[in-house]
Amino acid sequence: MSYSDKVIDHYNNPRNVGSMDKSSNDVGTGLVGAPECGDVMKLQIRVNRDTNVIEEAKFKTFGCGSAIASSSLATEWVKGKTVDEALTIKNMDIVKELSLPPVKIHCSVLAEDAIRSAIADWKKKQETTKPVAVEAK
Amino acid sequence: MSTDVKVPPQQLPVTHVLAPEGVKLPIYMDNHATTPMDPRVLEEILPYFMEKFGNAASRNHSFGWIAEEGVETARERIAKLVGSTTKEIIFTSGATESDNLAIKGVAEMYREKGNHIITAVTEHKAVLDTCKRLEKYGYRVTYMPVQKDGLIDLDDLKRAMDDKTILVTIMAANNEIGVLQPVAEIGKLCRERGVIFHTDATQAVGKIPVDVNKLNIDVMSISGHKMYGPKGVGALYVRRKNPRVQVSAIIDGGGHERGMRSGTLNVPGIVGLGKACALAQEEMATESVRLAGLRERLRDRIMGKLDEVYINGSMEHRLPGNLNISFAYVEGESLLMGINDVAVSSGSACTSATLEPSYVLKALGTGDDLAHSSIRFGIGRFNTAAEVDYVADRVIETVERLRELSPLYEMAKEGINLKDVKWAGE
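Residues numbered from 1 in each chain as written. Chains lettered and ligands numbered in written order. Predicted model: local features only at pLDDT ≥ 70, side-chain atom pairs only at ≥ 80, totals over all residues. Heavy atoms only, no water.

Trainee: Mind showing me how you'd approach the pairing of strand 2 (residues 89-92) of chain B here?
Mentor: As a general feature of sheets, a regular strand has side chains that alternate between the two faces. Residues and elements named next belong to chain B. By the alternation rule, side chains of strand 2 split into Ile89 and Phe91 and Ile90 and Thr92, which are all buried. Where strand 2 meets strand 8 (residues 234-238), four bridges bridge the pair, whose relative direction is antiparallel. Opposite Ile89, over in strand 8, you have Tyr237 as the bridge partner. (Buried < 20%, exposed > 50% of the residue type's maximum accessible area, 1.4 Å probe, protein only. Helix = DSSP H or I, 4+ residues; strand = E, 2+ residues; numbered from the N terminus. Pairing = 2+ DSSP bridges.)

Trainee: How do you make sense of the packing of aromatic side chains when you look at a structure like this?
Mentor: Two measures describe an aromatic ring pair: the distance that separates the ring centres and the angle between the ring planes. If you walk through the whole model with that rule in mind, you get three aromatic pairs over all chains. Consider the rings of Tyr228 of chain B and Phe382 of chain B, whose centres lie 5.7 Å apart with planes at 90°: the pair is edge-to-face. Residue Tyr228 of chain B is found in the loop between strand 7 (219-223) and strand 8, and its partner Phe382 of chain B is found in the loop between strand 13 (374-378) and helix 11 (385-404); the two are separated by 154 residues along the sequence. Accessibility expressed as a relative area gives 3% for Tyr228 of chain B, which makes it buried. Ring centres 5.6 Å apart and planes at 55° place the aromatic pair Tyr329 of chain B and Tyr409 of chain B in the tilted group. Residue Tyr329 of chain B is found in the loop between strand 10 (322-327) and helix 8 (332-338), and its partner Tyr409 of chain B is found in helix 12 (residues 407-413); the two are separated by 80 residues along the sequence. Comparing Tyr329 of chain B with Tyr409 of chain B, the two get one shared label, buried. The ring of Tyr359 of chain B carries the charged tip of Lys125 of chain B above its face, separated from the ring centre by 4.4 Å. In this arrangement the basic side chain of Arg401 of chain B is found over the ring face of Tyr11 of chain A, its NZ or CZ atom lying 4.7 Å from the centre. (Phe/Tyr/Trp six-rings, centres within 6.5 Å; stacked < 30°, edge-to-face > 60°. Lys NZ or Arg CZ within 6 Å of the ring centre and 35° of its normal.)

Trainee: Hey, could you run me through the sheet that holds strand 1 (residues 27-34) of chain A in this one?
Mentor: Remark on secondary structure: sheet strands pair via backbone hydrogen bonds, oriented parallel or antiparallel. Residue and element names in this part refer to chain A. One open sheet holds the three strands; their spatial order is 1-2-3, and the pairing between them is antiparallel. The outermost strands of the open sheet, each flanked by one partner alone, are strand 1 and strand 3 (54-62). Strand-to-strand twist across the sheet, computed as the mean angle between neighbouring axes with direction ignored, equals 10°. Taken together, the eight bridges between strand 2 (residues 39-47) and strand 3 define a ladder with antiparallel strand orientation. What sits directly across from Ile45, in strand 3, is Ala57. (Axes fitted to C-alpha atoms, helices over the stretch in contact; angles between N-to-C directions.)

Trainee: Looking at this structure, how should I read the interface of chain B and chain A?
Mentor: One frequently used descriptor of interface size is the decrease in accessible area upon assembly of the parts. The interface of chain B with chain A comprises 35 residues on the first partner and 33 residues on the second. Roughly 3,100 Å² of surface becomes buried between chain B and chain A when both sides are summed, with 61% attributable to carbon and sulfur atoms. Here chain B and chain A share three salt bridges between them. Across the salt bridge formed by Glu410 of chain B and Lys60 of chain A, the nearest N and O atoms sit 3.2 Å from each other. Where chain B meets chain A, there are 14 residue pairs in polar contact (both at pLDDT 80 or more). Sorting the residues of the side of chain B that touches chain A by element identifies helix 8, helix 10 (368-372), helix 11 and helix 12 of chain B as the ones contributing at least two each. Its residues placed into classes, the side of chain B that touches chain A shows 16 nonpolar, eight polar and 11 charged. (Contact = heavy atoms within 4.5 Å. Buried area = accessible area lost by both parts, 1.4 Å probe. Salt bridge = Lys/Arg side-chain N within 4 Å of Asp/Glu carboxyl O. Polar contact = N/O pair within 3.5 Å; in protein donor to acceptor, adjacent residues only side chain to side chain. Nonpolar A, V, L, I, M, F, W, Y, C, P; charged D, E, K, R; others polar.)

Trainee: Help me understand the packing of helix 2 (residues 65-78) of chain A against helix 4 (residues 91-98) of chain A, please; the structure alone is not making it clear to me.
Mentor: Packed helix pairs are specified by the crossing angle of their axes together with the interaxial distance, meaning the distance between the axes. All names here are of chain A. Running from N to C, helix 2 and helix 4 point in directions that differ by 110°, and their axes come no closer than 10 Å. What the angle tells us is that helix 2 and helix 4 run roughly perpendicular. Crossing handedness for the pair helix 2 and helix 4: right-handed. Residues Ala69, Ser70, Leu73 and Trp77 of helix 2 pack against Asp93, Ile94, Glu97 and Leu98 of helix 4. (Parallel < 35°, antiparallel > 145°, perpendicular 65-115°, else oblique. Left-handed = near helix turned anticlockwise from the far one by under 90°.)

This is how it looks when you write it as C-alpha cells:
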C-alpha cells in the first residue's frame, strides 16, 4: 500500500477538524459509514440562510489515511460553495485530486455521501423550521 | 492523470520526531511476519554458496560429501531442538510446504482408514486452504471454533472426532495473537484414539520449548525465517516410532529426503536453519524471559496512558514476544500510517487484500470494529527496551491524535452507545 503526497499531507495536517452544534438550524450534519466496515465520516456544514453559501465545514473521520484525506479535502472543497454547487462534487474528483488507488475508491464515495447527507440534513431543517419562522413573525 | 510520486509508507520521511539516543529508525517490530537473520547464522551459511557448493545428493566426490555433512549437522541440530531423531526430519522450502505435505500427505496415505480431518478456524491459511482443497477431493473437514481467549475447547475436539477421523491439525502458536494451543493435551487425545496429530509450529519452534515426545506430536511444521534463519527453508518432523507415521509425497522426483520430498536440497538454507535451531536451543531460556519482559513493558506503557485498549487473546498462554491490541475508535491502517517509522501489522481490512478484517480476531468474538482497530506487535531478538519505549510513545501519541479526529470517540464520550446507532453503511 502506498500513499500519494496529498493523502499524506491531509493525514498529517487534516483541515477543518472539529464539530459544530448539530442541533443548530443553520448546521447540516452527515454521518456515513459504519464502524464494522472500518470507515465512519462525520461532515458538518454551516450555511448562510440568505446566500445558501457554506461558510464553515468541519469533519471527523474514523478510517484509513485515505478516508481521512478524502473527508478533509471534502471540507476544503465545500467551503465557499453554495449548497447546489457543493452537490456537484463527485467522488471521482476526489480520487483524481488525491491519486487514490482502486482499493481506496470507496473512501471517496463515502466522502461524497457525507457531503450529500450533510446538505440533505440542512435542507430538511430549513423545511421544518420555515413555518416556525413565519409563525414567529 | 496525476503524477504524484508514491512511496511505501515505511520509506516516508520522518520529520516530526527525533529518535532518542540508541534508537535507530525505522524500528522493526513485526517478528511474526519474518525475522532478520542472526549474523551468526549468516556466517555459517556463507561458505555453502561457493566453496562448499556441492549437491548433497552427489555420492561420488568430496563436494557432495561436504554438502551432505552440512545438511546432516543441520538435521542433528533441528532434531535436538525438538527432541526427535534425525531420520524424522524432512527438509522443505518452508512452513507452507511443510503444512501442505503434512496434511495432503497424511490424507492420501490414510485414505482407506478414513476421510475426516479436524482443524481450527484460527489456523494459518497454509493449513486452512490446504484443508479446503481436500474437501474438493471428498474429505470432510471440521473447522473448530475457538474460545474468547483464542484456545480451542478440548471437549469440542473430543466431540468432533469420529471413527473416520484420520488427522487433527492444530497450530502450536498463532501468528496473529501468539496464543499457544494445549498441544500436549490435543496430542494425548489423538494418541488415545489412533488419530494422527499435526501441528504447525512455525511460530513456536525456537521461541518456546517444543518436544515432540512430551507433546505427543506426530507431524510438525518448522520454518527457518521465523527464528532468525533464512527464508525459503523449512522442515517437517514425521514420527517414525510409537506410532510410525507415513506421509505420501506431494512432489515427485529424485526421491530425496527418504522419498518424501524430492528436489535438490537447499544446502545453504538448511545449514542456516540448523544454526538457527542451535542458537535457539542455547539462548531460548534467557531470550524468552527478556522478550516477555519487553512485551510487558510495552503493554504497561501503552495501557498506562490510554483507555479503551483491549488485548486480543490469552495473556497466559502466549508467545513471549507477542502483543495484539485493539485501540477502540481508531482504525488500524491510519494508526500504522501515523507510526510510519515503526514496522508492525494490523488486522484492519484496509491492510489486507481481502477487504475483510482479521479472521483470527473475528473468531475470538472480537467485533469487526475492534478487529479494524488492532495492531500486532512482534518483539524479537534484536529489539531493545529503548525501542519498546519509543514504539509505545509513538503509538500513544498517534492514538490520541486519531481519537481527536474520530467521530466514534466523540460519540462515545457523549455517552452514545455505538452499538445502538443505526449506521447508514450497514
